[in-house]
Amino acid sequence: MERRVVITGLGVVAPNGVGLEDFRSALKEGRSGIQFDQQLADLQFSCQVSGTPPIDKKNLHQYFTDLELRNFNSTGIMYGVIAGLDAWKDAGLEPSDGENPDWDSGTIFGAGTSGIEKFRESIYKIDAFQTRRLGSTAVSQTMNSGISAYLGGKLGLGNQVTTNSSACTTGTESILMAFDRIKAGKAKRILAGSTSDSGPYIWAGFDAIKVCNFKSNENPEKASRPMSASAAGFVPGSGAGAMVIEGLESALKRNAKIYCEILGGNLNSGGQRGGGSMTAPNSTAVQKCVKDAIIESGIEAKDINYISGHLTATSKDATEIQNLSTALNRSGKDFPYINSLKASTGHCLSAAASIECVATVLQLSENFVAPNINCEDLNPEISAIIDEECIPQKLIKKEINIAAKVSFGFGDVNGCIIFKKYS
């Protein structure tokens, strides 16, 4: 039996919006969440701006118990729990009650690291011979699977509960892993997403290798410039995105709201061959990933109306556009609409793909294309490939039937998901 898979819930914690309502309005307005970061300045980072979600700490008691908040110092788990529980609620679901977990529901929630600030705190205590003062949650806050463990316990999930990790492709990977599990009939629903810690101990390595923009410290909102001729590197960010992936039969049975359908996708690696490396993509692999995603989804390249790009505001932006143009065999005015959320959020690393998937689903289900900000001086290498009308700088209200999300990560790993309006 062919099982159809849909999305029934969304949750998001992003630099430009916490919660769906705030995030949706930020998308439509082209509102930036990038601000001057005093901590980075104090630590003498070259890049002194960041995309850090504006969490109101007073609201944390809606998501965590008093005991959990004691000595709590893991921003990634905090973001992921908020986004995950919001997505579950948005899907019209409740935590499992009673003695038994919900055997039909699980979570695949990705992370790059967990609790880097808690690690730092723990290292100082250990070195000061204070190991006994680490607290009872030091392990759960710092283990990579901390986010899925927290969500699994809060919701009483009895199906697969795990954390995946694949650099900037993590969120795309988690969604496709959830899609595959439901398609195979091994679960009715999976809470999928990804999260990333905030702060200098996550971002320092990128600052050290000079891939972050250090030229816009005085003008934070203009610092992230995907597809721009004046792009000067990415802005570090953080947050979490989450969605409830569910079998159509299950969704219909409980009369759930359906945002869209997942048709399929593909994950691959360039093997750090053919021009690919730890930090650079193998173009052949990128093109193959997109082509294979289209084949698996049972559509044709001409059917895609909109693409959510990876587009990080580095020298690889033009390469990405060329790879997409080649894979789709579409160029000029024939190319789909494309935008990059990173202009508003910065690069949220392991959380980037899931946050951008939430943005993609909102645009698809509500028929709009969010504006690209900060690319008024479009990179001429890009405009030579696709028409600038395909890169809207103002909100466009447009019927979108099929959307693609592409992600590319350190380690030469690639992901592409195809979403379709539900009908």
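Residues numbered from 1 in each chain as written. Predicted model: local features only at pLDDT ≥ 70, side-chain atom pairs only at ≥ 80, totals over all residues. Heavy atoms only, no water.

### Focus: helix α12 (residues 317-328)
1) Next: The end-to-end C-alpha distance of α12 is 17 Å, a good match for the 16 Å that twelve residues give at a rise of 1.5 Å each.
2) Next: Buried within α12 we find Asp-317, Ala-318, Glu-320, Ile-321, Asn-323, Leu-324, Ser-325, Ala-327 and Leu-328.
3) Next: Downstream of α12 by a residue or two, Asn-329 has a phi angle that is positive, lying close to 55°. (Helix = DSSP H or I, 4+ residues; strand = E, 2+ residues; numbered from the N terminus. Expected span 1.5 Å × (residues − 1). Buried < 20%, exposed > 50% of the residue type's maximum accessible area, 1.4 Å probe, protein only.)

### Structural notes on the packing of helix α11 (residues 283-297) against α12
1) Next: Look at α11 against α12: their axes get within 9 Å of each other, and the N-to-C directions meet at 45°. Overall, the two elements α11 and α12 adopt an arrangement that is oblique. When the axes of α11 and α12 are compared, the crossing they make is right-handed. Counting all contacts with α11, which are made through Ser-283, Val-286, Gln-287, Val-290, Lys-291 and Ile-294, the residues of α12 involved are Thr-319, Asn-323, Leu-324, Thr-326, Ala-327 and Leu-328. (Axes fitted to C-alpha atoms, helices over the stretch in contact; angles between N-to-C directions. Parallel < 35°, antiparallel > 145°, perpendicular 65-115°, else oblique. Left-handed = near helix turned anticlockwise from the far one by under 90°. Contact = heavy atoms within 4.5 Å.)

### Focus on the packing of aromatic side chains
The relative placement of two aromatic rings is captured by the distance of their centres and the angle of their planes.
1) Next: By the definition in use, this model includes five aromatic pairs.
2) Next: Ring centres of Phe-64 and Phe-72 lie 5.1 Å apart, and the angle between their planes is 45°; this geometry places the pair in the tilted category.
3) Next: Taking the relative accessible area as the measure of exposure, Phe-64 reaches 3% and is therefore buried.
4) Next: Taking relative accessible area as the criterion, Phe-72 reaches 15% and is therefore assigned buried.
5) Next: Consider the rings of Phe-206 and Phe-234, whose centres lie 5.5 Å apart with planes at 65°: the pair is edge-to-face. (Phe/Tyr/Trp six-rings, centres within 6.5 Å; stacked < 30°, edge-to-face > 60°.)

Just geometry here; none of it tells us what the structure is for.
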